[in-house]
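# Descriptive analysis of the structure
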Amino acid sequence: MPFLSRRLRAALLATASATLVAATLPAPVPLGIGDPLFPHLGNPGYDVLAYDIGLDYPGRNSEPLEAVTTIDARTTEPLDRINLDFTRGTVHSVEVNGLRTDFAVEDEDLIIEPPGRLPAGVPLRITVRHTSDPRGERDSGGWVQTADGLAMANQADAGHRVFPSNDHPADKAYFTFRITAPQDLTVVANGLRTGRTRHGDRTTWTYRTEHPMATELAQVSIGRSTVVQRTGPHGLPVRDVVPVADRERLEPWLKKTPGQLEWMEKQVGRYPFENYGVLIADTDTGFELETQTLSLFERRLFAEGDFPEWYVDSVMVHELAHQWFGDSVSPRTWSDLWLNEGHASWYEARYAQEHGGKPLERRMRDAYTRSDAWRAGGGPPARPDAPAPGEKISLFRPVVYDGSALVLYALRQEIGPSAFDRLERLWVRKHRDSNAATADFTRLASQVAGRDLGTFFDGWLYGTSTPPMPGHPDWHSTAPAGSAKPA
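For every chain, the first residue of the written sequence is number 1, and numbering continues from 1 onward in sequence order. Reporting in this predicted model follows two pLDDT cut-offs: at least 70 for local features of residues, and 80 or more for side-chain atom pairs to be given and counted; totals over whole chains, interfaces and linings ignore these cut-offs and use all residues. Excluded from the side-chain calculations are hydrogens and water; all other atoms, namely the structure's heavy atoms, are used.

## Topic: helix α6 (residues 309–322)
- Over its 14 residues, α6 runs 20 Å from end to end, which matches the ideal 20 Å to within 8%, given 1.5 Å per residue.
- A 1.4 Å probe rolled over the protein chains alone gives each residue an accessible area, and that area as a share of the maximum for its type sets the label: buried under 20%, exposed over 50%, partly exposed in between. Strands are runs of DSSP state E lasting at least two residues, helices are runs of H or I lasting at least four, and both sets are numbered from the N terminus onward. Counting buried positions along α6 gives eleven out of 14 residues, so the element sits mostly inside the fold.
- Within the span of α6, buried status applies to Val312, Asp313, Ser314, Val315, Met316, Val317, His318, Glu319, Leu320, Ala321 and His322.
- By definition in these notes, contact holds between two residues if any of their heavy atoms fall within 4.5 Å. Against α3 (247–254), α4 (257–268), β19 (295–298), α5 (299–303) and α7 (337–356) lie the buried residues of α6. Expected helix span is computed as 1.5 Å times (number of residues minus one).

## Some thoughts on the sheet that holds strand β5 (residues 99–100)
- Any two strands are treated as partners once DSSP identifies two or more bridges connecting them. The sheet built from eight strands is open, its strands ordered β5-β4-β8-β2-β1-β11-β14-β13 with mixed pairing. Either end of the sheet is taken by a strand with one partner, and the two such strands are β5 and β13 (192–199).
- Across seven bridges, the pairing between strand β1 (residues 46–56) and strand β11 (residues 174–182) is parallel. Along β11, the bridge assignment pairs Gly54 with Arg178.

## Regarding the packing of aromatic side chains
- Only Phe, Tyr and Trp rings are paired, with Trp represented by its six-membered ring, and only when their centres lie within 6.5 Å; those with planes under 30 degrees apart are stacked, over 60 edge-to-face, the remainder tilted. All told, the structure shown has 26 aromatic pairs when counted by the stated rule.
- Measuring from ring centre to ring centre gives 5.8 Å for Tyr271 and Tyr276, while their planes differ by 65 degrees; the resulting arrangement is edge-to-face. Accessibility assignment for this pair places Tyr271 and Tyr276 in one class, buried.
- Between Tyr409 and Trp475, the ring centres sit 5.7 Å apart and the planes meet at 10 degrees, which makes this aromatic pair stacked. Of this pair, Tyr409 sits in helix α9 (residues 402–415) while Trp475 sits in the segment after α12 (454–462), and the two are 66 residues apart along the sequence.
- Residue class for Tyr409 comes out buried when judged on its relative accessible area of 3%.
- Looking at Trp475, the relative accessible area reads 4%, which means it is buried.

## Considerations on the confidence of the model for the protein chain
- Residues at a pLDDT of 70 or more form 93% of the protein chain, whose mean pLDDT is 92.
- This stretch, residues 1–23, has a pLDDT under 50; its non-local contacts, to residues over four places away or in other chains, come to 28 contacts. Per residue, pLDDT captures the predictor's confidence, and it can take any value from 0 to 100.

## What to know about the nonpolar core
- In this structure, Met264, Phe302, Trp334, Leu411, Trp427 and Phe441 are the most contacted members of the largest nonpolar core, which totals 76 residues.
- If near-sequence neighbours (up to four positions away) are discounted, Phe441 is found in contact with Trp338, Leu339, His343, Leu408, Leu411, Leu423, Glu424, Trp427 and Phe457. As used in this record, nonpolar core signifies buried Ala, Val, Leu, Ile, Met, Phe, Trp, Tyr and Cys residues forming a set joined through side-chain atoms within 4.5 Å.

## Quick word on the environment of Ala189
- Among the secondary structure elements, Ala189 is positioned in strand β12 (residues 186–189).
- Judged by relative accessible area, which is 0%, Ala189 ranks as buried.
- Along the backbone, Ala189 and His234 are 45 residues apart, and their C-alpha atoms lie at a distance of 22 Å.
- Ignoring anything within four residues of it in the chain, the contact list for Ala189 reads Phe177, Tyr207, Gln219, Val220 and Arg239.

Below, the structure is given as C-alpha cells:
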C-alpha cells in the first residue's frame, strides 16, 4: 500500500471509532451527481481510476455469480460516506484501504461508512465481495442471458446491475476483468487478454483495457464461442466472438470489419483503441450496442436472412462509429447523448450511401419532414425529455438518432464539407479518452468555421421546432398532430 494510504489509515483510526461516527451521521441515503436526466445516477466526492472485477461463473446462467470488485479511486472532496451504485446482488463485505467497514443498501446505492471522515485528495481502495445476479427483468439491462451463457448490455445505467461502480459515463476508468468459468466455455471481455490459467476443470481468463472506459460500455461474454482473429488497418488486432456452430455461416459478415475500419479512419482518423471486433450473441435484446472494443450484436441480424445486406452493413458501421463517438469521446451528461447517436447515425447513413446506394440527402429530407414531430415527442436533440419512469431505455428516441444526424447535415450545409470534416477529426482527437459536452462541440465548431455559430446551434439543438435547412428552402417539417407550425 502506498505511503499516503498508510498515513490515511492512521488518520482514520485516530479520528473516531466507527460506532461514534455512525451515531453522529444522518441515516444513509442514495445520492447522485445531478445529471439532468438521471439525477440519482453516479456519486459525488470521488473519482474512480480503475476497476478490478472478479467473477466466478457457476456454469448456469440462471444462478448468481460470486464476485469481488476492487475500486481504486481518489477523493475529490471530504467524505463521511462513500456511495456506490449497485443493485441486483448481495453484498457480503466491504473494505476501505484494507479496513473492514460497515455498509447499508438503500434503493440502488451501496452506502459505505469508513471509520472516520475522509479528507479530499487521498487514495481509496474499496473492495466489495458480493454476488452478481443475472436474473431479473429481461429488458432492464445488465447481464443478458444468451442461449449458452451470458453477455452484458449496460446502457444507459445498468452497469451497477452487474458490479458496484460509479455508474455514470462522466467517470471513466481503466478495467481489469478476471472471470473464472468451466473449461469448456470461452470468456471474452473488453481490451486485451493478458492471462488464461487452468484450475482443474475451470479456467480463469484475464482481460485489461488500455484506455479508460465508461461503466455502460463494459462487456463480458461467457459461452460456447469461438474467437476469430484477423488484422485490420495498421496491424490492428481484430477479434470476433461468435457461437461455435455459426463460425462458417457468419464469415461473410465478419470479414467486412477491416474494410469498415479503413472507411471510418478515412472519415475521422485513426481507430482510438487497442483492438476491435464484434460479439454475436444468441439472444434477443431488441438492439445492438457499442460496448468498447467489442460491439454486441444479436445473432438474428446476421443469421436469419431477414435484413438486406446494405442495412446490416450500415448497422455494423453505426456501432463501429461509436468507438470514436461515445466510447473514446464520452458524454459528460446524458443530455449530450445526441453527440453519440447523431454521429453514429450520420456515418451509418454516409456508409449506406457509398456502399448501398441509399442517398444521404433523401434520408435527411425524410428526417427533416419528421423532425418537428420527433421534437414534440421527445424534446430537442440536446435537451431531451427525461425517460419514462422505469423505462430508461426510452431515452433512445428517433430525435437522438436521425433527428441528431440531421443537425450534423445542417451544420455541414452551413459551414461547408471541408470545414465540417476538419471539425470531426479535431473533435475526436482533442477529446480522445475523455468526456465532452455539447458546449464543447459548439465552441469547437465556431472556432473551425471562423465565426460564431451560437444562433445556428440554439435553433438546431434546443428549438422546439426545426429551423430552415441551409441550402434547401423547399424542405418542410410536418407539424405534430394538434399543433400549428409557425410561419
